[in-house]
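# Tertiary structure, described
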Amino acid sequence: MEKLSSNQNTGMTRKQFVKGMCAAVVAGMVVPLAACGGTRGDDASKNGSSGSSKVSVGISMPEQQLERWQIDGDNLKKKLEEYGYEVTLQFADGKTDLQSSQIQNMANQGANYIVVASIDGTATGAAVEQAAANGAKIIAYDRLIMNTDAVDYYTTFSLDEVGKMQGRYIVDKLGLEDGKKGPFNVELMSGSPTDNNAKYYYQGSWSVLGTYFDSGVLKSKSGKIPTSQDEWQSIGIDNWDRQKGQAEMENRINSFYNDGTKLDAVLAPNDAIALGTVNAVEGAGWSYFPIITGQDAEKANVQAIVQGKQAMTVYKDTRELAKTTAELIKDMVDGKKPEAKDTFNNGNKDVPSVLLKPISVDKSNVKKELVDSGYISAADAGL
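Reading the values: rules and limits
- Residues numbered from 1 in each chain as written.
- Predicted model: local features only at pLDDT ≥ 70, side-chain atom pairs only at ≥ 80, totals over all residues.
- Heavy atoms only, no water.
- Pairing = 2+ DSSP bridges.
- Helix = DSSP H or I, 4+ residues; strand = E, 2+ residues; numbered from the N terminus.
- Core = buried A, V, L, I, M, F, W, Y, C linked by side-chain atoms within 4.5 Å.
- Buried < 20%, exposed > 50% of the residue type's maximum accessible area, 1.4 Å probe, protein only.
- Domains from an automatic or database assignment.
- Contact = heavy atoms within 4.5 Å.
- Salt bridge = Lys/Arg side-chain N within 4 Å of Asp/Glu carboxyl O.
- Right-handed = clockwise from strand over helix to strand, strands pointing away.
- Phe/Tyr/Trp six-rings, centres within 6.5 Å; stacked < 30°, edge-to-face > 60°.

## Section: the sheet that holds strand 8 (residues 265-267)
Strands sit in the order 7-6-8-9 across an open sheet of four strands; the sheet is parallel. The two strands at the open ends of the sheet, each matched to only one other strand, are strand 7 (218-219) and strand 9 (291-292). Strand direction decides the pairing type here: strand 6 (residues 184-188) and strand 7, joined by two bridges, are parallel. Residue pairing across strands places Asn 185 opposite Lys 219, the latter belonging to strand 7.

Encoded structure:
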């Protein structure tokens, strides 16, 4: 608030002036609500459907290079705008400092709610704490923000189930439950070491594959097998990056499989790394593709599945995630308690969470799950 120069000669303090103005409301004077005290955070739950003022929502997505984040951001922005909210959507180009700055700016500009799909779940903590102190409610989107009390809700898919689907697919296609003994060569990779979600994906897959590695039915010529589920970061691919995943797989192929040894399967945690793996195999000139898993159902990967290069992907309908997140915000705006039946511990607190169900997709159900549902077109799927 600026200095009240017209009242300086009377000796009236700012506090006395505001108190007098608020008292005047009772007598029938019209004064903006904010002048009577109260914080923006308090007002946020009263705005929206009542139309007293605009609800402002900030969305911070990690990047645009991965197709899914552009889709997520656009879907969420559209849904929130349908509710009449003012929405700011920004992408952080994979830079943690930029994302933190964007979050802080959103809060400074009056965002009532900020949705964050973090690049680094730990590094983002300080920025959301500042935003929360400024009155914003924080929703972690798909990736949990760690070691802070400033996260109000978390929306994502069932994380360990994604990994289990990838692991089960490898087990099924290698015929392990039918008694096939191999041994089969399988190379393991996990997601970005800075993304807490990657831990759950890997733990899910290892809960399926670990027994077979222990028995010797599965082995890895590279020896890159974490000795425990907690060591998943040792095989993590920074920022889930395609080029880094490709470089890692090229190194493993050249070092361990250039003598004609067959590589039977690759646990690629997402579609970017899966595509990097496909590129590495093609570069090696092999006459076959191993079983390659993935996650996100990106268009290029769906085409690779149709072409028989990538075996499967885990489809997470980002339209549903955007819808669920927008509905959660609307509940808060309307003064309702969002329905969040699950929790995830972020190191400081159990964060109320909404978990959606992922779907395993391969060539046999691409049309049904992705095309017929309207997620992508038949042309984009390569059908």
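Read on for the rest.
## Here's the deal with the nonpolar core
Membership of the largest hydrophobic core comes to 66 residues, with the highest contact counts inside it found for Ile 114, Leu 174, Leu 176, Leu 188, Leu 209 and Leu 218. Looking at which domains feed residues into this core, each of domain 1 (56-151 + 317-357) and domain 2 (159-315 + 377-381) gives three or more. Among residues more than four places away in sequence, those in contact with Leu 174 are Lys 180, Phe 184, Val 186, Leu 218, Asp 264 and Ile 291. Among the nonpolar cores identified, the runner-up in size contains 29 residues, and Ile 59, Leu 76, Tyr 141 and Ala 322 belong to it.

## Quick notes on the pattern of salt bridges
All chains considered together, the criterion is met by 21 salt bridges. Between Asp 160 and Lys 164 there is a salt bridge; the shortest N-O distance is 3.7 Å. Note that Asp 160 and Lys 164 are positioned in helix 6 (residues 159-174) at a spacing of four residues, about one turn of the helix. By relative accessible area, which is 32% here, Asp 160 ends up partly exposed. Of the charged contacts, one joins Glu 248 and Lys 224 as a salt bridge, the two residues approaching to 2.7 Å between their closest N and O atoms. Of this pair, Glu 248 sits in helix 8 (residues 242-256) while Lys 224 sits in the loop between strand 7 and helix 8, and the two are 24 residues apart along the sequence.

## Details of the pairing of strand 6
Counted residue by residue, strand 6 has five buried out of five residues, so it is predominantly covered. The alternating pattern of strand 6 places Phe 184, Val 186 and Leu 188 and Asn 185 and Glu 187 on opposite faces, both of which are buried. Remark: the strand 6/helix 7 (residues 196-215)/strand 7 crossover connection has right-handed handedness. Bridging between strand 6 and strand 8 involves three bridges; their strand directions are parallel. By the bridge assignment for strand 8, Val 186 is matched with Ala 265.

## Quick look at the packing of aromatic side chains
All chains considered together, the criterion is met by eight aromatic pairs. For the pair Tyr 202 and Trp 206, a centre-to-centre distance of 6.1 Å together with 20° between the ring planes defines the contact as stacked. With a gap of four residues between them, Tyr 202 and Trp 206 both fall in helix 7, about one helical turn apart. We classify Tyr 202 as buried; its relative accessible area is 2%. On the basis of relative accessible area, Trp 206 is assigned to the buried category, the value being 13%. Ring centres of Trp 286 and Tyr 288 lie 5.2 Å apart, and the angle between their planes is 10°; on these two criteria the pair is classed as stacked.

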